[in-house]
Amino acid sequence: MRLTAFRPPGAPAALAAALLLAPSSAALAQADPFGALYNPPPGAPQAKEASSGRTGSTSVGGAVGRSYANAQASGQVSLAQLDMMPDIAPPLPVALQGHATRYLANRPRIVIPGYTLAFVQGASASAFGGGAGLDTNQRRTQIATRLVGLTDAMAQDLADAAHADLVAQLEAAGFEVIDPAAFQASDQMRGLSRYDGPVGGQGIIDSRATKAWVAYGPRALPIIKGHAFETGMGAVAASGALMRFGRASRDLDAIIITPRVLVDYIDMESTGRRTYSGSASVEADLRFGINPVSKVDFVWGNNNGGAMPGWFTTKGAYTPQPFGILAQTADRSDSIATHNALVSIGFSSVYRQSLVYDAEVSPKRYAALSRAAVQGFNAALVAEIRKARGQ
């Protein structure tokens, strides 16, 4: 734990001294002292999926109050050790909640015109305390993280694998899945509006954290517009696809299914904005899983070509398995000396803490858990389709 005390005029000297004498932890983001045990011998090429090998934490936090500011970290892990873990993991258990699932039994075949696989690649959360009583002691703290170790090529491969896995699981369950070449010959499918490549977005999608993500589709089936976790007007594009799905369902005698999975790496909590409090805190914990905004849309087109939609949602699914570290890269907090000097000449007591971390993953472990998450999601979907069809 790293504690830094600041003492506004009038604050007890004993309190500041006690905070300064508090024990501190070892520096974060250092190289693993045993990294040489895991690295290839001199002259040998670095493994394709190897990480940087540095060490870091799995949980960090920041807190500010009327007479203190501190940052803490726990759960030290070495990426070099994570690189040595298995590159496979069991499917993640996922629960889906369905709406209008009866439509799934109204056509014998299945079409999957798109499969969106998105990855959270940045997250931040802040908290504010606006003062206590008659004192104006404004305190703000923020933690920002960015994902390191996931490449576009790796994400694209995972999106291809996600689509292929769903097709394989459906066919293994006895369902007829129409080949992309066949359904794209349909006028309705050819007319779908699709993005040319990966699509980014951001928003407050859980708790008080703002998260940024990038969505990918299979190489052969680029993301359908309106299906990339868009917000605002960007989501309206899904309505145009819906009408086409209804007519294509009728023409192909098939149910149209479009999964959207968002893979997340972090859980963030904050005390939010509190007007009558002189303190604020934020915590960030690495946690791999499927974010609750993930869903599956499906459409049955009646004989008139009308689109009858249904969907599955999830409350999310997570695993405690390790996959990465948090390593501090910047401390953009206000200067404590400047803060105290300003207060001493009559300015308000305002202090802002800002901490930045890399969330670096072991590529091999991250890919293994991503495949496991998708396999579990797909298995839950196949089970729900079988249930809807009385199998």
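Provided above is the structure to which this section pertains.
If you're wondering where the values come from, they're calculated on a predicted model, not measured in any experiment.

(A) The arrangement of helix α3 (residues 152-172) in detail. Taking 1.5 Å per residue, 21 residues should reach 30 Å; α3 reaches 30 Å between its end C-alpha atoms and fits that length. Along α3, the residues classified as buried are Met154, Ala155, Gln156, Leu158, Ala159, Ala162, His163, Asp165, Leu166, Val167 and Leu170. Looking at the buried residues of α3, the elements they touch are β7 (109-111), β8 (116-129), β11 (209-216), β12 (254-270) and α8 (363-388). Immediately beyond the C-terminal end of α3, within one or two residues, lies Gly174, with a positive phi of roughly 95°.

(B) The layout of surface pockets, seen in detail. There is about 190 Å³ of room inside the second largest pocket. In terms of lining residues, the second largest pocket is bounded by 15 residues, among which His227, Ala238, Leu242, Arg260 and Asp297 are the most central. Counting only elements with at least two residues in the lining of the second largest pocket, the list comes to α6 (237-252), β12, β15 (295-301) and β16 (307-313). Taken together, the residues that form the lining of the second largest pocket break down as 9 nonpolar, 4 polar and 2 charged.

(C) Representation of the pairing of β12 in the model. Of all 17 residues in β12, 15 are buried; the element is thus mostly enclosed. In the sheet, β7 pairs with β12 via 3 bridges, with the strands oriented parallel. Within β12, the position partnered with Arg109 by the bridge is Ala254. Taken together, the 4 bridges between β8 and β12 define a ladder with parallel strand orientation. Bridging from a neighbouring strand, Thr116 pairs with Arg260 of β12. Across 5 bridges, β12 lies against β15 in antiparallel orientation. Among the inter-strand pairings, Thr258 is bridged to a residue of β15, identified as Asp297. Here β12 pairs with strand β14 (residues 280-290) via 7 bridges, running antiparallel.

(D) Geometry of the nonpolar core. In terms of nonpolar packing, the biggest core is built from 79 residues, with Leu117, Phe119, Leu170, Tyr265 and Tyr366 touching the most fellow members. With 11 residues, α8 is the single largest residue contributor to this core. Beyond its immediate sequence surroundings of up to four residues, Phe119 is in contact with Leu150, Ala155, Leu158, Ala212, Trp213, Val214, Tyr216, Leu262, Val263, Tyr366 and Ser370. Of all hydrophobic cores here, the second largest spans 15 residues; its members include Ile178, Phe183, Leu221 and Ala254.

(E) Inspection of the packing of α3 against α8 at higher detail. Direction vectors running N to C along α3 and α8 enclose 30°, while the axes themselves pass 9 Å from each other. When the axis of α3 is compared with that of α8, the two are roughly parallel. α8 is crossed by α3, and the crossing has right-handed handedness. Listed contacts from α8 to Met154, Leu158, Ala162, Asp165, Leu166, Gln169 and Leu170 of α3 are Pro363, Tyr366, Ala367, Ser370, Arg371, Val374, Gln375, Asn378, Ala379, Leu381, Val382 and Ile385. Looking at the contact of α3 with α8 residue by residue, the class counts come to 13 nonpolar, 4 polar and 2 charged.

Analysis parameters
- Residues numbered from 1 in each chain as written.
- Predicted model: local features only at pLDDT ≥ 70, side-chain atom pairs only at ≥ 80, totals over all residues.
- Heavy atoms only, no water.
- Helix = DSSP H or I, 4+ residues; strand = E, 2+ residues; numbered from the N terminus.
- Expected span 1.5 Å × (residues − 1).
- Buried < 20%, exposed > 50% of the residue type's maximum accessible area, 1.4 Å probe, protein only.
- Contact = heavy atoms within 4.5 Å.
- 1 Å grid on protein atoms, 1.4 Å probe; cavity = no way out; pocket = protein on both sides within 12 Å on 5 of 7 lines; lining within 4 Å.
- Points joined across faces, edges and corners; volume = space filled by probe spheres on them.
- Nonpolar A, V, L, I, M, F, W, Y, C, P; charged D, E, K, R; others polar.
- Pairing = 2+ DSSP bridges.
- Core = buried A, V, L, I, M, F, W, Y, C linked by side-chain atoms within 4.5 Å.
- Axes fitted to C-alpha atoms, helices over the stretch in contact; angles between N-to-C directions.
- Parallel < 35°, antiparallel > 145°, perpendicular 65-115°, else oblique.
- Left-handed = near helix turned anticlockwise from the far one by under 90°.

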